[in-house]
Amino acid sequence: MKNSGIAVGIIGFGTVGAGTAKILLKRQKEIQNKLGSSVELKGIADLDTRTDRGIKLRKGVLIKDAKKLLRDPDIDIIVELIGGIRPAKDFILEAIQRGKHIVTANKALLAEHGQEIFGAAQKHGVEIGFEASVAGSIPIIKVVRESLIGNRIGNIYGIINGTANYILTKMTDEGAEFTAVLKEAQELGYAEADPTFDIEGIDSAHKLTILASLAYGIPISFRKVYTEGITKITPLDIEFASEFGFKIKLLAIAKPSGKEVELRVHPTMVQERMPIAGVNGVFNAIFVEGDAAGDGLYYGKGAGEMPTGSAVVSDIIDIARNIKAGVSDRMRSFNISGNSGLTVKKMEDVKTCYYLRMSALDKPGVLSKISGILGKRNISIESMIQKGRKKEKAVSMVIMTHEAREKDMMKALKEIRALKVISGKPLYLRVEGGNA
Ligand code: HSE
């Protein structure tokens, strides 16, 4: 049993690093009272030691060289907050080899190299806390790993990228174009200078990979997650969606059935009555079905200095409790296990309903050509809207289908696109109903 305080070293003094340091310093007394021992912020490493982060540190705490923290024998927990793969991975692996526990917010690293990192942690008997890697302040890792441990987890639907949700919300509220809203989001600092991971669904796919591994006991399978972004969405689609009673959201979806689980991230039409349709702006929410607990919707701030810092600190304290109690594998026993035997379903076999929008000439026989192609592939039309009448000119035609197989839909769309009466590429969106 360790009686002295717990020493923490943070690598990366950006937004989340600053939030974490602020909480640790501001709440030092309360933490000590609740934990029964002190948590000391021994050092912070960042190449930039000059920028004012609005926090007063003791002299010598902020240093440039991360290796000094990794090699400091007094430090118990290394907090990695630089993000990205390299050098974050090297720092984490070295810290693990030196017997230090890890806290990280790095979803890309865990989703892409988690198997290796968790393997190393297991070998060296250290913990990895990663609450901050998914949905910022929402304690969804603890929910899935601990609170719902007695449940068979069913479907998961997540809005787990605040940037994409902010953009879609603004487009919906103001009828604005995607590129204009993205530019504004960048100016306001909501979107990164390089927003690729957010708008192309990659960030959501990283987070879904981590959640799914915990929820279903499957290996960390980022490469198997189907990923599609929101760049193709237009105000016209949002308007049509509304006419059908839907909102468009970037959803991270996990659906187990039989021996397989669907893992997909794509813009999705969700029924307006579904609670997740009401999650707007930069907020995140995750809907989780538990066979014992029932349906749950976990909602909150998914990003930002203090919300993400709050999640990082929760892991630091969790690990500090373990160190105090002299146990080293309490969290590890809940970690990524990968042994349930479920495999990830191929996207081409997934079945959903679809929204299709195409630009078609308004003349006799066009609709029968389109419905013929769909019918041939066993795709049944549920409803259809065509706006205006512009003879010999292209008009927007929208079709909602019943459930169809992805493979059949992709083939049908290829054929429809090749029709002379269709101009441009038909747009498709997948549709979700249910209770989420
Ligand atoms: N870039 C993420 C988002 C925040 O926009 O939600 C960090 O996970």
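To keep things clear, this report deals only with the structure shown in the data block.

Criteria and cut-off values
- Residues numbered from 1 in each chain as written.
- Predicted model: local features only at pLDDT ≥ 70, side-chain atom pairs only at ≥ 80, totals over all residues.
- Heavy atoms only, no water.
- Helix = DSSP H or I, 4+ residues; strand = E, 2+ residues; numbered from the N terminus.
- Rg over C-alpha atoms; globule rule 2.2 N^0.38 Å.
- Buried < 20%, exposed > 50% of the residue type's maximum accessible area, 1.4 Å probe, protein only.
- Contact = heavy atoms within 4.5 Å.
- Areas by Shrake-Rupley, 256 points an atom, 1.4 Å probe, with all protein chains shown as cover.
- Lys, Arg positive; Asp, Glu negative; His and termini not counted.
- Charge placed at Lys NZ, Arg CZ, Asp CG, Glu CD.
- Near = heavy atom within 4 Å.
- Polar contact = N/O pair within 3.5 Å; in protein donor to acceptor, adjacent residues only side chain to side chain.
- Nonpolar A, V, L, I, M, F, W, Y, C, P; charged D, E, K, R; others polar.
- Core = buried A, V, L, I, M, F, W, Y, C linked by side-chain atoms within 4.5 Å.
- Phe/Tyr/Trp six-rings, centres within 6.5 Å; stacked < 30°, edge-to-face > 60°.
- Lys NZ or Arg CZ within 6 Å of the ring centre and 35° of its normal.
- Pairing = 2+ DSSP bridges.
- Expected span 1.5 Å × (residues − 1).

Across its full length, the chain holds 14 helices and 18 strands. The C-alpha atoms of the chain give a radius of gyration of 24 Å, which matches the 22 Å a tight globule of 436 residues would have. In terms of its C-alpha atoms, the chain occupies a principal-axis envelope of roughly 85 × 45 × 35 Å. The 436 residues of the chain split such that 55% are buried. Sequence separation of at least 24 residues holds for 74% of the intrachain contacts in the chain that already meet a minimum separation of 6. Carbon and sulfur atoms form 49% of the exposed surface of the chain, whose accessible area is close to 19000 Å². Placing the 63 positive and 51 negative side-chain charges of the chain at their respective mean positions leaves the two points 2 Å apart.

Taken together, the residues surrounding the ligand are Lys107, Asn161, Gly162, Thr163, Asp198, Asp203, Lys207 and Ala303. Take Gly162: an N or O atom from its main chain is 2.7 Å from an oxygen atom of the ligand. In the model, an oxygen atom of the ligand is placed 2.5 Å from a nitrogen or oxygen of the Thr163 side chain. Within the complex, 81% of the 260 Å² of free accessible area of the ligand lies under protein. Taken together, the residues of the shell around the ligand sort by class into one nonpolar, three polar and four charged.

Glancing now at the side chain of Thr169. Tracing the backbone shows Thr169 in helix H7 (residues 162-174). Accessibility expressed as a relative area gives 9% for Thr169, which makes it buried. If we ignore the near neighbours within four places in the chain, the residues touching Thr169 are Lys249, Asn280 and Gly281.

Turning our eyes to something else, we now look at the nonpolar core. Ile140 and Tyr216 are the most contacted members of the largest nonpolar core, which has 85 residues in total. A total of eight residues in this core trace back to one element, the largest contributor, which is helix H10 (residues 202-216). With residues near it in sequence (within four places) discarded, Ile140 still touches Glu131, Val134, Ala135, Leu211, Ile286, Val288 and Tyr298. With 30 residues, the next largest nonpolar core counts Phe13, Leu35, Ile55 and Ile317 among its residues.

As enumerated under the stated definition, the model contains three aromatic pairs in all. Relative to Phe130, the ring of Phe118 lies with its centre 5.4 Å away and its plane at 75°, an arrangement referred to as edge-to-face. Linking Phe118 in helix H5 (residues 107-124) with Phe130 in the loop between strand E6 (128-129) and helix H6 (140-147), this pair joins segments that are twelve residues apart in sequence. For Phe118, a relative accessible area of 8% puts it in the buried group. By relative accessible area, which is 0% here, Phe130 ends up buried. Of note, Arg145 hangs over the ring of Phe130, and the distance from its end group to the ring centre comes to 5.8 Å.

A few words now on unusual backbone geometry. Across the junction of Arg86 and Pro87, the peptide omega takes the value 5°, indicating a cis bond. Secondary-structure assignment places Pro87 in the loop between strand E4 (77-80) and helix H4 (88-97). Its identity is not glycine, yet Ala135 carries a phi of approximately 65°, on the positive side. Residue position: Ala135 is located in the loop between E6 and H6. Despite not being glycine, Asn378 has its phi angle at roughly 70°, a positive value. Relative to the helices and strands, Asn378 resides in the loop between helix H13 (366-376) and strand E15 (381-386).

Moving on, we get to the sheet that holds strand E3 (residues 62-63). Pairing is parallel in the open sheet, where six strands are placed in the order E3-E2-E1-E4-E5-E6. In the strand order of this sheet, the two ends are held by E3 and E6, each with one partner. Where E4 and strand E5 (residues 101-104) come together, four bridges link them in parallel fashion. Residue Ile77 lies in a different strand from E5, and its bridge partner there is His101.

For the rest of this paragraph, the subject is H10. Over its 15 residues, H10 runs 21 Å from end to end, which matches the ideal 21 Å to within 8%, given 1.5 Å per residue. Burial analysis of H10 places 14 of its 15 residues in the buried class, which makes it a mostly covered element.

In this structure, Val143 sits in helix H6. Between the C-alpha atoms of Val143 and Ala215, which are 72 residues apart in sequence, the distance is 9.7 Å.

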